[in-house]
Amino acid sequence: DMSAEEQAFQARIDAGIKIEPKDWMPEAYRKTLIRQISQHAHSEIVGQLPEGNWVTRAPTLQRKSVLLAKIQDEAGHGLYLYSAAETLGVSRDELLQALHAGKAKYSSIFNYPTLSWADMGAIGWLVDGSAIINQIPLCRCSYGPYARAMVRVCKEESFHARQGYDIMMALARGTPEQKAMAQDALNRWWWPSLMMFGPSDAESVNSAQSTAWRIKLFSNDELRQRMVDQTVPQAEYLGLTVPDPDLKWNAERGSYDFGEIDWSEFHNVLKGNGPCNRERLRTRVKAWDDGEWFRDALVAHADKQAAKKNA
Ligand code: FAQ
């Protein structure tokens, strides 16, 4: 049974009132948000790595500067999200330690390799496309700092998705080799992109409570369906084939039916055994260790300034 405090809290949520950092909240609500927001922050930061692989090999100066801008946006998103998590009483150092120790999750999608330039197109189109579908509703979620961070993040994500689709269009209209590269990237990124939305509703342990708290406004399967319905016509426009023999328009539902996701692959990636899990973690830990001298210098400088002021 809910306490009087919990009932009042749930009534505010049901009335669509945002919860702010200093408001009373159940410990489980705080914990759920720290979990989700920190996973989301880690995803933005680790998500820079697959694209970082192509910065020095972008085909033109224009493509390179656009890709750089996108990757820098992702750093910014990670920082807003760590700040939003900190409003819940956890420190950024604790969150990063959990990531570096391999204890914190980040999105499964960033454990796949980027083998060709076309992967920059497929990531923008499919991965940022999926991120937008998942994040637009989060702009209306119950926790104020998270909801507000999502507004700007979503605007930037739509630029990212457009740049990805623009790469796909250039390749799809290019030479047969270029078109084949685009098709290969779609083949490799399609299913992992569908996995981004999380387990099926039947398997989603956190959904019921997160929905009651208006952290989730749509279920994992609803958002995944929305992604398929939005993306299939975009693939058709490119003249590419979605790698799913079971994909079929269902006129009765007004939606596409699609094939079964390989959930064993998903769980394997979550356990740390995807193609790039170890490499991603190693790269982040090395970046943290290599930056130690700089963090130490910042603290030393701040201490010196404070000492001067107090003298
Ligand atoms: N990967 O009960 P549920 C981006 C975990 S976009 C890894 O359904 P929930 C932009 C889940 O955490 C990507 N783990 O959980 C970008 C839970 O484990 P836990 C980031 C996953 O939370 C683009 C367990 O499975 N976006 O970064 C995944 O209700 C391009 C059971 O699942 C967000 O984080 C997965 N795919 O729903 C950057 C959005 N799916 O924590 C660079 C915010 C599930 O109990 C380049 N997050 N799990 O140990 C969410 O909306 C939700 O957390 C879901 C999962 C929908 C991801």
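Above this note sits the structure.
Read on for a plain summary of the structure.

Reading guide: rules and limits
Residues numbered from 1 in each chain as written. Predicted model: local features only at pLDDT ≥ 70, side-chain atom pairs only at ≥ 80, totals over all residues. Heavy atoms only, no water. Axes fitted to C-alpha atoms, helices over the stretch in contact; angles between N-to-C directions. Helix = DSSP H or I, 4+ residues; strand = E, 2+ residues; numbered from the N terminus. Parallel < 35°, antiparallel > 145°, perpendicular 65-115°, else oblique. Left-handed = near helix turned anticlockwise from the far one by under 90°. Nonpolar A, V, L, I, M, F, W, Y, C, P; charged D, E, K, R; others polar. Expected span 1.5 Å × (residues − 1). Bend = angle between axes of the 7 residues up to and from the residue. Buried < 20%, exposed > 50% of the residue type's maximum accessible area, 1.4 Å probe, protein only. Near = heavy atom within 4 Å. Polar contact = N/O pair within 3.5 Å; in protein donor to acceptor, adjacent residues only side chain to side chain. Areas by Shrake-Rupley, 256 points an atom, 1.4 Å probe, with all protein chains shown as cover. Core = buried A, V, L, I, M, F, W, Y, C linked by side-chain atoms within 4.5 Å. Contact = heavy atoms within 4.5 Å. Patch = residues over 30% accessible without salt bridge, like charges linked within 9 Å, V, L, I, M, F, W, Y side chains within 5 Å. Salt bridge = Lys/Arg side-chain N within 4 Å of Asp/Glu carboxyl O. Lys, Arg positive; Asp, Glu negative; His and termini not counted. Charge placed at Lys NZ, Arg CZ, Asp CG, Glu CD.

Observations concerning the packing of helix H4 (residues 61-86) against helix H7 (residues 144-172)
Then, in step 1: One can describe the packing of H4 onto H7 by two numbers: an axis separation of 10 Å at closest approach and a directional angle of 160 degrees. For the element pair H4 / H7, the angle class is roughly antiparallel. With respect to the hand of their crossing, H4 and H7 are arranged in left-handed fashion.
Then, in step 2: Its residues assigned to classes, the contact of H4 with H7 shows twelve nonpolar, three polar and eight charged.

A look at helix H8 (residues 176-195)
Then, in step 1: With 20 residues, H8 extends 30 Å between its outermost C-alpha atoms, agreeing within 8% with the 28 Å of an ideal straight helix rising 1.5 Å per residue.
Then, in step 2: The principal kink in H8, of about 35 degrees, is found at tryptophan 189, preceding the proline proline 192 by one to four residues.
Then, in step 3: Within H8, the full set of buried residues consists of Ala182, Gln183, Ala185, Leu186, Trp189, Trp190, Trp191, Pro192, Ser193, Leu194 and Met195.

Remarks on the site of the ligand
Then, in step 1: The local shell around the ligand holds 34 residues, among which Gln39, Lys105, Ser108, Ser204 and Lys216 are the closest.
Then, in step 2: In the model, an oxygen atom of the ligand is placed 2.7 Å from a nitrogen or oxygen of the serine 204 side chain.
Then, in step 3: In the environment of the ligand, an oxygen atom lies 2.9 Å from a nitrogen or oxygen atom belonging to the backbone of asparagine 206.
Then, in step 4: Calculation on the ligand without its partners gives an accessible area of 1100 Å², and the protein chains cover 90% of this total.
Then, in step 5: Secondary structure elements with two or more residues in the shell around the ligand: helix H2 (27-46), H4, helix H6 (118-135), H7 and helix H11 (263-273).
Then, in step 6: A total of six residues in the shell around the ligand trace back to one element, the largest contributor, which is H2.
Then, in step 7: When the residues that make up the shell around the ligand are grouped by side-chain class, the tally is twelve nonpolar, 13 polar and nine charged.

Some remarks on the nonpolar core
Then, in step 1: Core analysis: the biggest nonpolar cluster contains 77 residues, and Tyr29, Ile37, Tyr143, Tyr146, Trp189 and Trp190 have the highest contact counts within it.
Then, in step 2: Ranked by residues supplied to this core, first place goes to H7 with ten residues.

Points about H4
Then, in step 1: The terminal C-alpha atoms of H4 lie 38 Å apart, and with 26 residues this matches the ideal 38 Å at 1.5 Å per residue to within 8%.
Then, in step 2: Within the sequence span of H4, burial applies to Leu67, Lys70, Ile71, Asp73, Glu74, His77, Gly78, Leu81, Tyr82, Ala84 and Ala85.
Then, in step 3: Those residues of H4 hidden inside the fold are in contact with H2, helix H3 (48-52), helix H5 (92-100), H6 and H7.

Considering unusual backbone geometry
Then, in step 1: Phi is positive for arginine 214, close to 55 degrees, though the residue is something other than glycine.
Then, in step 2: Summarising the element assignment, arginine 214 is placed in the loop between helix H9 (207-212) and helix H10 (220-238).
Then, in step 3: By relative accessible area, arginine 214 is classed as partly exposed at 31%.

Some thoughts on the environment of valine 285
Then, in step 1: For valine 285, the location among the structural elements is in helix H12 (residues 277-290).
Then, in step 2: Valine 285 sits in the partly exposed class, given a relative accessible area of 27%.
Then, in step 3: It is 34 Å that separates the C-alpha atoms of valine 285 and methionine 25, two residues lying 260 residues apart in sequence.

Quick notes on a nonpolar patch on the surface
Then, in step 1: Residues Trp293, Phe294 and Leu298 make up a contiguous nonpolar surface patch of about 380 Å² in total accessible area.
Then, in step 2: Assignment of secondary structure puts leucine 298 in helix H13 (residues 292-310).

Examining the side chain of arginine 30
Then, in step 1: Looking at the secondary structure, you find arginine 30 in helix H2.
Then, in step 2: Reaching out from arginine 30, the side chain makes a polar contact with the backbone oxygen of leucine 88 at a distance of 3.1 Å.

As for a positive patch on the surface
Then, in step 1: Together, Lys18, Arg140, Arg214 and Arg226 make up a positively charged patch on the protein surface.
Then, in step 2: Relative accessible area serves as the criterion here: at 37%, arginine 226 is assigned to the partly exposed category.

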